[in-house]
Each structure stands twice: as C-alpha cells, then as structure tokens.
Amino acid sequence: MVVADAVHALRGALDPPGVLLPPQDLSKYEISPNNMKGRAAAVIRPRTVEDVRQVLRICREHRVRLVPQGANSGLVGSGLPDPDGTQAVLSTERMRDWFDLDTGGRTLTASAGWTLDEINARLAPARLRLPIEVGSSPSVGGMVSTNTAGSNVLRHGDVRRRLLGVQAVTADDDLTVIDTLAPLRKRNEGLDVTQLFVGTEGRYGVVTAASFELAALPQAVATAWLAVPDPERLPAVLREFEHRAGEWLTSFELVSASAVRLLEANHADLLPRVPPGDGDKVLVEIGSADDSADRILQAAIETLADRGDVADAVIGPPDRLWEIRHTIPLITERMDPVTSFDISAPRSALTAMRGELTSRLARLWPEITPVELGHYGDGGLHLILPLPAAVAAAPETVAAIRRLVFDTVVHDFGGSFSAEHGIGPKNADAYARYVPAPVRHLADVLARHFDPRDILGWRTP
C-alpha cells in the first residue's frame, strides 16, 4: 500500500511524535470549527525546515497527497484531508523554534507553529501586537496561507498588509527553500515572491516562518454597541466615526436583528450588553494613542443620536462587548442544516447588496431567515442561511440558493464570493465559476512549477 510505505519511511525520518496514525484520535486535525470533516491517513508533524524537506521528498516518491495545516481554525476545509482517508495532514504546530522580536524595528519573525494568542501574549510587555482579530487563534503558517483578515482590517489591514517576508519549502525536484524573511518595509526588487504564498492555501509550498510588521498597543480603547434603526443610515454612521476618529477607528462590526435573536435564544444573559429594539446593531471600537478614545466615541454617538442615525447605545469594557460579537459565530457554527457565505462588496454598495439579497431570497424562499454579521467597515459580510429540512434535503435547491447569492454579489455588485475565508472544498465550485479563466490558468502554471508531482494542498476526491 502506497500510504503504508510512505508512513514507514516517514517514521524513519522523523522523531516518534512526528507521525500520528489511526487508531489514535486524530479528530483535532480532521474536524474544523464549523464541523467540516475529513479523514487523515496520517498526521505528519515536522519540527524543522529540514524535516519538512524530508516529508516532501518521501511523499513525492510515494505520490501521497499532503494537506498543510496550521491551527485548523479555517472554515472552508482547505486544511482538511478528504473523507476517503487517502491523504495525510502536514501540521506545522511543532515548528516553534524561531521567535525573533525587534522592538526597535517593530517587527517579528516567527516559526509557523506560533499561534496568534501566544504571539500577542509575548508582545504585550513591549506594548506591541500583531493586530489581527478573528475570534480564534490561528497559527503563523495558517495566517499567511489564508491571508487572515478579521475585525481590525479597517485600521490595520489583513495579513498581506502586515507581512514582510516568508520562508517556505516547495515540492519541486530540488525541495527548494524560498526565504524572503528580511524584515524590510521597503524592498523593490522585481517579483515579490512572498505574495505567492499569501492566501494560496499551501498549494505552492509549506510556509515554515514569516516576518510581520507589528502595531503599537493603543493608549486607550473605547467600545460601544449602537442600535441603528434603518440600514440606510449605516453609511452615515460609519462616515461620522471615520471623520471624528480617523485612523483610530479600529472596528465597525455589523450584527443583524436576526443574529441578536439567536443570542436571545441561546445566551440571554448577554443581552443587556446590547441596546434594545429591532434593527441592526453595530459594534464600534476606537483605539487612541492618548486618552481621548472615550471622548471621541461619546461625541460621535451624541451627534448621531441627535440626527436620528442611532437610536440607542451601550458603552462598556471592550472584552465584555466583544464577547457578543464572538459568541454569535459560535452559535451559527453549530446550526444544522445551514448554508453560509463569506462575501464582500465595494463598501459604498454594501447596504444595497444586503437589501437586494434579502429581497431575492424572500421572494423565492420566504421560509429562510437570513442571519448577517461581519466587518461592515471594510465591505465584508458573513451571511448565514438556516435551511428548513425540506430545502436542505434537496441538493439542487441548495445549489440554486448558492448561485443566487454568488451571482448577486459578483455580477450585480462587483463583489467577491470569498471575502476572507479562502477557497477550499467549500468554495471550489465558486472559484471555477467566478474567477476568470486566465487567472486560473496562471495559478495552475505556478502550481505545476512549484509542485510538479501534484502532492500539496487540498483536493476533492
């Protein structure tokens, strides 16, 4: 058996904890937070770059597909093996040797296995942080491979914007180590090879380390939940905060009325932290370099309330108010049956896109109540559609719902079918449908160059 032969060789190349096999419990590597599932023939856990090269060499020889995986916090299945148990997971969780903090340069170079929570805990004494906020703790390798974004994109950008360099091992004949780790903010030397490994889900190589530009911790943080009585008022609310706070506006997060009802049904104890009433709720956060965050927040709320753009507000400690935003996805991830979307549009079109999607879905499937939450300030939206049993039992109907949503977003509003989660098996059909053929062809050409035996990355059976 090909996999068995590869496992035998891998056991000879790595230390005992480096190869995990059934019947050991591998569920940590096989089930994503939103309950997508695969089955691993083995879990390979290298510690060093040379270990990674050996793993790729052996799997090339035996034609065993490897799915690179970080902390397995993704939601589209790009870090999971297929359900047939013929693929192996290459976990970078043990790659933790490198943690080089340059406080003067405000940069960090770290191995792929370090997680976001660990990084920020170690940076806090220096009053620095890697300003990615996603409600989970992805690893360095996973953040690069998926271009992690989240709630702070409005101010700090996604991983692509913070990334200064990478180290990655490709699956070509030479098992090449590509290293652009020098933490330089200015580097104009032709092709930026670093970008090939950002958001491409491990298809071109295994990310083993990365260099990031860090941000200073704010001196003061002010947070509030706002009740916005009419979706048409959202752009005005956002403009007011941007006018008053400027670059200090860290987050502007939307939660629909239907999402708040989920909170009421599952965590009623949290409801006093959001203002009452129907309509959208918005979480606003300002992080200032002085002590003015609270004054800016309150002045903006007063102005918006006087204009009728905000009906009510709850101001409180950031941790308590962010708990609301992080709890709702935990509820929706457990919902079944459901179909969910991570979409985006030009920010000026986002309100109109929401309205059009709601109208079209209500006309064709009135029994479906959309749940919306997301990063309104940067044009992103998470759309969750709980499905009645009869709809879920008809695959052609579910496919029609997905086409309607994606066609509306991409064709009618110039948006994207994947704002930040990536492609993976979940969005493979959308990738084939909406990404232009020349772009897909170029991606395939690069994959054949870096991985001529086609052993890296997720593939559907």
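Anything mentioned here points back to the structure above.
Quick caveat, the model's predicted, so the values are computed rather than measured. (Residues numbered from 1 in each chain as written. Predicted model: local features only at pLDDT ≥ 70, side-chain atom pairs only at ≥ 80, totals over all residues. Heavy atoms only, no water.)

J.: Kindly report on the overall build of the protein chain, identifying the contributing residues and their values.
T.: Along the protein chain, the regular secondary structure elements total 16 helices and 18 strands. Considered along the principal axes of its C-alpha atoms, the protein chain spans approximately 70 × 60 × 45 Å. Taking all 461 residues of the protein chain together, 54% fall into the buried category. For the protein chain, the accessible surface area stands at approximately 19600 Å², while carbon and sulfur atoms represent 51% of it. Taken together, the 48 basic and 60 acidic charged side chains of the protein chain have centroids lying 3 Å from each other. (Helix = DSSP H or I, 4+ residues; strand = E, 2+ residues; numbered from the N terminus. Buried < 20%, exposed > 50% of the residue type's maximum accessible area, 1.4 Å probe, protein only. Areas by Shrake-Rupley, 256 points an atom, 1.4 Å probe, with all protein chains shown as cover. Lys, Arg positive; Asp, Glu negative; His and termini not counted. Charge placed at Lys NZ, Arg CZ, Asp CG, Glu CD.)

J.: Explain the side chain of Ser-91 to me, using residue names and the numbers behind them.
T.: Structurally, Ser-91 is set in strand β4 (residues 87-91). Within polar-contact distance, the side chain of Ser-91 engages the backbone nitrogen of Glu-93 at 3.3 Å. The contact partners of Ser-91, leaving out residues within four places of it in the chain, are Tyr-29, Val-43, Ile-44, Arg-45, Pro-46, Gln-69 and Gly-70. (Polar contact = N/O pair within 3.5 Å; in protein donor to acceptor, adjacent residues only side chain to side chain. Contact = heavy atoms within 4.5 Å.)

J.: Which residues make up the side chain of Asp-172, and what values do they have?
T.: Following the sequence through the fold, Asp-172 ends up in the loop between β8 (163-169) and β9 (177-179). Although Asp-172 is buried, it makes no salt bridge; Arg-60 carries the closest opposite charge, 6.2 Å away. For Asp-172, the side chain forms a polar contact with the side chain of Thr-170, separated by 3.1 Å. Setting aside anything within four residues of it in sequence, one finds Asp-172 in contact with Arg-60, His-449, Phe-450 and Pro-452. (Salt bridge = Lys/Arg side-chain N within 4 Å of Asp/Glu carboxyl O.)

J.: Now, about the packing of helix α8 (residues 234-245) against helix α10 (residues 293-307): what can you tell me, with residues and values included?
T.: For the pair α8 and α10, the least separation of the axes is 10 Å and the interaxial angle reads 145 degrees. Seen from above, α8 lies across α10 with right-handed handedness. For the pair formed by α8 and α10, the contact residues are Ala-236, Val-237, Glu-240, Phe-241, Arg-244 and Ala-245 on the first element and Ile-296, Leu-297, Ala-299, Ala-300, Ile-301, Thr-303, Leu-304 and Arg-307 on the second. Classifying every residue of the contact of α8 with α10 gives ten nonpolar, one polar and three charged. (Axes fitted to C-alpha atoms, helices over the stretch in contact; angles between N-to-C directions. Left-handed = near helix turned anticlockwise from the far one by under 90°. Nonpolar A, V, L, I, M, F, W, Y, C, P; charged D, E, K, R; others polar.)

J.: So, the packing of aromatic side chains: which residues are in play, and what are the values?
T.: Enumeration over the complete set of coordinates arrives at eight aromatic pairs. Pairing Phe-406 with Tyr-434 gives two aromatic rings, centres 6.0 Å apart and planes at 70 degrees, and the pair type is edge-to-face. Of this pair, Phe-406 sits in helix α14 (residues 395-413) while Tyr-434 is found in helix α15 (residues 428-434), placing the two residues 28 residues apart along the sequence. For the pair shown, Phe-406 and Tyr-434 are each scored as buried. Aromatic ring contacts, followed pair by pair, group Phe-341, Phe-406, Phe-417 and Tyr-434 into a single cluster. The cationic tip of Arg-96 hangs over the ring face of Trp-114; the distance from NZ or CZ to the ring centre is 4.2 Å. Here Arg-459 stacks its cationic end above the ring of Trp-458, 6.0 Å away from the centre of that ring. (Phe/Tyr/Trp six-rings, centres within 6.5 Å; stacked < 30°, edge-to-face > 60°. Lys NZ or Arg CZ within 6 Å of the ring centre and 35° of its normal.)

J.: Give a description of the sheet that holds β4 that names residues and reports values.
T.: The four strands lie next to each other as β1-β2-β4-β3, forming an open sheet whose pairing is mixed. Every interior strand has two partners, whereas the edge strands, β1 (19-20) and β3 (66-69), have only one. Relative to β4, strand β2 (residues 40-44) is paired through four bridges, and the arrangement is parallel. When the bridges of β4 are listed, Val-43 appears paired with Val-89. (Pairing = 2+ DSSP bridges.)

J.: Let's hear about α14: which residues, and what values?
T.: The terminal C-alpha atoms of α14 lie 26 Å apart, and with 19 residues this matches the ideal 27 Å at 1.5 Å per residue to within 8%. Where α14 bends most, the angle comes to about 30 degrees, and this point is Asp-407. Burial in α14 covers these residues: Thr-397, Val-398, Ile-401, Arg-402, Leu-404, Val-405, Phe-406, Thr-408, Val-409, Val-410 and Phe-413. Considering only its buried residues, α14 is in contact with β16 (338-344), α12 (350-364), β18 (380-386), α13 (389-392) and α15. (Expected span 1.5 Å × (residues − 1). Bend = angle between axes of the 7 residues up to and from the residue.)

J.: Could you give an account of the environment of Leu-270, naming the residues involved and the relevant values?
T.: On the secondary structure map, Leu-270 appears in the loop between α9 (257-266) and β14 (280-288). Taking the C-alpha atoms as reference points, Leu-270 and Leu-90, 180 residues apart in sequence, are found 39 Å from one another. Sequence-distant contacts of Leu-270, that is, excluding residues within four places in its chain, are made with Leu-263, Glu-323, Ile-324 and Thr-327.

J.: Mind laying out the pattern of salt bridges, listing which residues take part and the relevant values?
T.: By the definition in use, this model includes 28 salt bridges. Residue Arg-185 is joined to Glu-213 by a salt bridge in which the shortest nitrogen-to-oxygen separation is 3.0 Å. Note that Arg-185 is positioned in the loop between β9 and β10 (206-213) and Glu-213 in strand β10, a separation of 28 residues in sequence. The buried category is assigned to Glu-213, whose relative accessible area is 18%. Three or more residues are tied together by salt bridges with common partners; here these are Arg-233, Glu-240, Arg-244, Arg-307 and Asp-309.

J.: Could you give an account of unusual backbone geometry, with specific residues and numbers?
T.: Here the amide bond leading from Pro-22 into Pro-23 is cis, since omega sits at 10 degrees, within 30 degrees of zero. Mapped onto the fold, Pro-23 is located in the loop between β1 and α2 (27-30). The omega torsion across Asp-336 and Pro-337 is 0 degrees, close enough to zero to call that bond cis. As for its placement among the helices and strands, Pro-337 is situated in the loop between α11 (318-334) and β16.

Purely geometric stuff here, so don't read any function into it on its own.
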